[in-house]
Amino acid sequence: MRLNKQLTEKIQESMASVLPITAIVFLLSISIAPLDPGTLVLFLFGAILLVGGMGLFTLGVDMSMIPMGEGVGVVLSKHRLLILPVFAYFLLGVLTTMAEPDLQVLAKQVSAIPGTVLILTVAVGVGLFLVAATLRIRWGFPLRRLLLFFYGLVFLLAFLAPENFIPVSFDSGGVTTGPITVPFIMSLGLGIASTRSDKNSASDSFGLISLCSIGPILCVLLLGIIYRPEPASASINTVPTISTTAQAAQYFFHSFPEYLEEVAMALFPIAGLFLVFQTTTRRFKRGMLLRIGLGLLYTYAGLVLFLCGVNVGFMPAGQLIGATIAGGAEKWLLIPIGMLIGYYIVKAEPAVAVLTKQVEEVSNGSISHRAMGLALSTGVCVSVGLAMVRVLTGLNIFWLLIPGYAISLGLTFLVPSIFTGIAFDSGGVASGPMTATFLLPFAQGACHALGGNMMIDAFGIVAMVAMTPLATIQIMGLSSVVRHKLARRRLRSRMERVEDMILYFD
């Protein structure tokens with residue numbers, strides 16, 4: 001009975017997240033960006049699957065992924081010898097990343113490098129940086145110093161890499177932190193930090209996602225420098241021809257086996273490693289194990305529905321809307337429409353719900369779910385607008401990334417460390433499957449219609465989505481610090497006036 005109530009609440013939350021973007025696309029389809037009926041029906045079917053998928057997924061994560069990650073983090077952080085935790089963290093990073101659905105989508109769209117090579121490169125990057133991130137928490141090393149050093153290294157390598165690979169490299173950092181990776185890695189950080197008793201343990205529990213996003217960028221840049229492939233190219237996705245609702249339903253039905261297999265391959269390594277962990281440590285009791293098992297089933301079913309919905313239903317709609325607007329007389333409408341879509345689409349990212357909930361819990365409500373959502377939506381809104389400027393003008397991505405990261409890294413000196421960790425984690429979380437399967441095709445469709453270079457102008461939108469929340473969330477933290485200082489100053493002033501009055505009457 002309790003589970004049914006929780007599932008109903010999760011589905012209601014996911015409906016509130018998905019309905020705005022569904023309404024926007026529907027209004028566009030009957031006004032300035034007409035869609036053929038088949039594509040619109042696919043989109044609406046996809047939206048229904050998204051609602052159910054997100055509800056099941058978020059409930060499953062609460063029941064399984066979070067307790068699993070925390071348990072593994074606590075046990076491994078107490079191990080005296082470093083060799084076992086280091087190997088386990090690296091293996092976890094590699095296996096979860098190789099199965100990340102967003103990465104599979106990106107790899108299919110870059111034809112210059114074999115998909116397996118690109119996926120392995122990105123997975124090794126995540127594995128190495130997950131080790132670095134967990135050791136940072138264990139030893140209490142400041143996150144700011146690592147961010148400054150590694151982003152400096154990223155931009156140094158970016159100047160040496162082939163031009164066509166720079167947007168893809170930065171995009172790879174965003175797509176790796178998706179619905180499989182984020183819940184487990186975030187809870188792993190909470191588990192490791194919980195073994196420390198100092199005042200910085202809560203703020204140090206954040207930052208794993210941010211560092212794991214840097215590893216793929218560095219490794220793909222190195223791949224571009226060493227591998228020296230043929231000039232990178234991207235292909236536009238083929239939009240299916242659907243004429244009846246029955247054909248649309250049949251198209252989804254035929255697509256399900258692919259996602260059933262894909263999600264099973266994604267969750268199998270995590271479940272297998274957890275089984276080995278439980279067998280050797282006996283950490284969880286029977287009741288908790290049953291709950292985790294049921295949670296994994298919910299997670300599996302939710303991800304299958306979600307990924308089938310976004311890949312089959314949302315991708316064609318995004319591509320056609322982008323192409324139609326860019327091919328019209330008012331091309332500049334790409335910017336405001338992209339910003340509107342960006343503002344609402346981040347609310348439908350499944351990993352965002354996981355992050356905002358954990359932030360609210362760890363901060364004891366001082367950083368609310370609503371405030372986090374507003375800051376993320378604002379950041380993604382700005383980033384998609386800037387990405388559309390690039391599509392229209394061919395502006396070099398460095399003109400946006402360098403100032404953006406300079407501002408974000410500069411803000412780390414002005415805000416509490418907890419806001420830095422949350423902000424840089426949020427960048428990776430915001431750029432999930434909705435970005436890879438709707439915003440990227442939206443940019444590709446527009447770029448194709450304008451006759452631009454898709455590898456340079458369309459790719460990079462994931463990187464933009466991952467960048468702007470770094471600044472908006474830290475600005476939220478800075479405003480909080482300023483408000484508290486002003487409140488303390490007003491309180492001090494009132495106390496001084498009261499003391500003066502007491503002295504006067506005395």
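Everything numeric here is computed off the predicted structure, so don't read it as measured data.

1. What to know about the overall build of the protein chain
Next, step 1: Scanning the protein chain from N- to C-terminus turns up 20 helices and 0 strands.
Next, step 2: In terms of overall size, the protein chain behaves like a compact globule, its C-alpha atoms giving a radius of gyration of 23 Å where 506 residues would be expected to give roughly 23 Å.
Next, step 3: Projected onto the principal axes, the alpha-carbon positions of the protein chain cover approximately 85 × 60 × 55 Å.
Next, step 4: A fraction of 87% describes how many contacts in the protein chain between residues 6 or more apart in sequence connect residues 24 or more apart.
Next, step 5: Here the protein chain has roughly 20900 Å² of accessible surface; of this, 67% comes from carbon and sulfur atoms.

2. Quick look at a positive patch on the surface
Next, step 1: On the surface, Lys-485, Arg-488, Arg-489 and Arg-492 cluster together into a patch of positive charge.
Next, step 2: Position of Arg-492 among the secondary structure elements: in helix H20 (residues 461-505).

3. Observations concerning the nonpolar core
Next, step 1: If you look at the biggest cluster of nonpolar residues, it comprises 154 residues, and the most contacted ones within it are Phe-170, Ile-214, Phe-314, Ile-341, Met-372, Met-388 and Phe-438.
Next, step 2: Setting aside residues up to four positions removed in sequence, Ile-214 forms contacts with Phe-129, Leu-147, Phe-150, Tyr-151 and Val-154.
Next, step 3: By size, the runner-up hydrophobic cluster in this structure holds 5 residues, among which are Leu-7, Leu-56, Leu-59 and Met-63.

4. Some details on unusual backbone geometry
Next, step 1: Positioned with a positive phi, Arg-282 is a non-glycine residue whose angle comes to about 55°.
Next, step 2: Along the chain, Arg-282 falls in the loop between helix H11 (245-281) and helix H12 (286-327).
Next, step 3: Residue Arg-282 is classed as exposed on the basis of its relative accessible area of 61%.

5. Some remarks on the packing of helix H10 (residues 208-227) against helix H17 (residues 417-430)
Next, step 1: At a minimum axis separation of 7 Å, H10 and H17 run at an interaxial angle of 60°. Classified by the angle between their axes, H10 and H17 sit oblique to one another. Crossing of H10 against H17: the hand is left-handed. Together, Leu-208, Ile-209, Ser-210 and Ser-213 of H10 and Phe-424, Asp-425, Gly-428 and Val-429 of H17 make up the contact between the two elements.
Next, step 2: Taken together, the residues of the contact of H10 with H17 break down into 4 nonpolar, 3 polar and 1 charged.

6. Quick word on a nonpolar patch on the surface
Next, step 1: A cluster of nonpolar side chains, namely Phe-26, Leu-27, Ile-30 and Leu-44, defines an oily patch on the protein surface of about 360 Å² accessible area.
Next, step 2: Checked against the element boundaries, Leu-27 lands in helix H1 (residues 2-29).

7. Details of the confidence of the model for the protein chain
Next, step 1: Summary statistics for the protein chain give a mean pLDDT of 83 and a share of 92% for residues scoring 70 or more.
Next, step 2: Within the protein chain, no element has a lower average pLDDT than helix H9 (residues 201-204), which sits at 69, and none a higher one than helix H13 (residues 334-345), at 92.

8. Section: the packing of H13 against helix H15 (residues 369-393)
Next, step 1: Here H13 crosses H15 at 150°, and the two axes come no closer than 7 Å. In terms of axis orientation, H13 runs roughly antiparallel to H15. As H13 packs across H15, the resulting crossing turns out to be right-handed. Here Leu-334, Ile-335, Gly-338, Met-339, Gly-342 and Tyr-343 of H13 come into contact with H15, specifically with Leu-374, Ser-377, Thr-378, Val-380, Cys-381, Val-384, Gly-385, Met-388, Val-389 and Leu-392.
Next, step 2: Among the residues making up the contact of H13 with H15, the classes are represented as 11 nonpolar, 5 polar and no charged.

9. Digging into helix H2 (residues 37-77)
Next, step 1: By the largest-angle criterion, Val-61 marks the main kink of H2, which is about 45°.
Next, step 2: Most of H2 is tucked away: 34 of the 41 residues are buried.

10. Quick word on the packing of aromatic side chains
Next, step 1: Scanning the model with the defined rule gives 13 aromatic pairs in all.
Next, step 2: Here the aromatic rings of Phe-155 and Tyr-405 are separated by 5.8 Å at their centres, their planes lie at 65°, and the arrangement is edge-to-face. Of the two residues, Phe-155 sits in helix H6 (residues 143-158) while Tyr-405 sits in helix H16 (residues 398-411), which places them 250 residues apart along the sequence. Residue Phe-155 shares its accessibility class with Tyr-405, and that shared class is buried.
Next, step 3: With a centroid separation of 5.0 Å and an interplanar angle of 75°, the aromatic rings of Tyr-343 and Tyr-344 are classed as edge-to-face.
Next, step 4: What makes Tyr-344 partly exposed here is its relative accessible area of 27%.
Next, step 5: Taken together, the ring pairs connect Tyr-151, Phe-155, Phe-170, Tyr-405 and Phe-424 into an aromatic cluster.
Next, step 6: The positively charged end of Arg-144 is found above the aromatic ring belonging to Phe-413, 4.9 Å away from the centroid.
Next, step 7: Looking at Arg-145, its charged tip hangs above the ring of Phe-141, at a distance of 5.9 Å from the centre.

11. Quick look at the side chain of Thr-134
Next, step 1: Looking at the element boundaries, Thr-134 is found in helix H5 (residues 115-139).
Next, step 2: Of the residues examined, Thr-134 reaches a relative accessible area of 1% and is grouped as buried.
Next, step 3: If near-sequence neighbours (up to four positions away) are discounted, Thr-134 is found in contact with Tyr-89, Leu-188, Ile-192 and Leu-208.

12. Comments concerning the environment of Leu-42
Next, step 1: Within the secondary structure, Leu-42 is located in helix H2.
Next, step 2: Through-space distance from the C-alpha of Leu-42 to that of Phe-314 is 7.6 Å; in sequence the pair is 272 residues apart.
Next, step 3: Sequence-distant contacts of Leu-42, that is, excluding residues within four places in its chain, are made with Pro-240, Ile-242, Ala-248, Tyr-251, Phe-252, Val-312 and Gly-313.

13. Thoughts on the pattern of salt bridges
Next, step 1: Under the defined criterion, the tally for this structure stands at 1 salt bridge.
Next, step 2: Residue Asp-62 is joined to Lys-10 by a salt bridge in which the shortest nitrogen-to-oxygen separation is 2.8 Å. Highlighted residues: Asp-62 in helix H2 and Lys-10 in helix H1, separated in sequence by 52 residues.
Next, step 3: For Lys-10, a relative accessible area of 15% puts it in the buried group.

14. Observations concerning H5
Since the α-helix advances by 3.6 residues per turn, residues separated by three or four positions end up pointing in the same direction.
Next, step 1: The terminal C-alpha atoms of H5 lie 36 Å apart, and with 25 residues this matches the ideal 36 Å at 1.5 Å per residue to within 8%.
Next, step 2: Two residues or fewer past H5, Gly-140 is found with a positive phi of approximately 70°.

15. Description of the environment of Gly-293
Next, step 1: Turning to its location among the elements, Gly-293 is positioned in helix H12.
Next, step 2: Its relative accessible area of 31% is what places Gly-293 among the partly exposed residues.
Next, step 3: In this structure the C-alpha to C-alpha distance between Gly-293 and Val-352, which are 59 residues apart in sequence, comes to 23 Å.

What counts as what
Residues numbered from 1 in each chain as written. Predicted model: local features only at pLDDT ≥ 70, side-chain atom pairs only at ≥ 80, totals over all residues. Heavy atoms only, no water. Helix = DSSP H or I, 4+ residues; strand = E, 2+ residues; numbered from the N terminus. Rg over C-alpha atoms; globule rule 2.2 N^0.38 Å. Contact = heavy atoms within 4.5 Å. Areas by Shrake-Rupley, 256 points an atom, 1.4 Å probe, with all protein chains shown as cover. Patch = residues over 30% accessible without salt bridge, like charges linked within 9 Å, V, L, I, M, F, W, Y side chains within 5 Å. Salt bridge = Lys/Arg side-chain N within 4 Å of Asp/Glu carboxyl O. Lys, Arg positive; Asp, Glu negative; His and termini not counted. Charge placed at Lys NZ, Arg CZ, Asp CG, Glu CD. Core = buried A, V, L, I, M, F, W, Y, C linked by side-chain atoms within 4.5 Å. Buried < 20%, exposed > 50% of the residue type's maximum accessible area, 1.4 Å probe, protein only. Axes fitted to C-alpha atoms, helices over the stretch in contact; angles between N-to-C directions. Parallel < 35°, antiparallel > 145°, perpendicular 65-115°, else oblique. Left-handed = near helix turned anticlockwise from the far one by under 90°. Nonpolar A, V, L, I, M, F, W, Y, C, P; charged D, E, K, R; others polar. pLDDT = per-residue confidence, 0-100. Bend = angle between axes of the 7 residues up to and from the residue. Phe/Tyr/Trp six-rings, centres within 6.5 Å; stacked < 30°, edge-to-face > 60°. Lys NZ or Arg CZ within 6 Å of the ring centre and 35° of its normal. Expected span 1.5 Å × (residues − 1).

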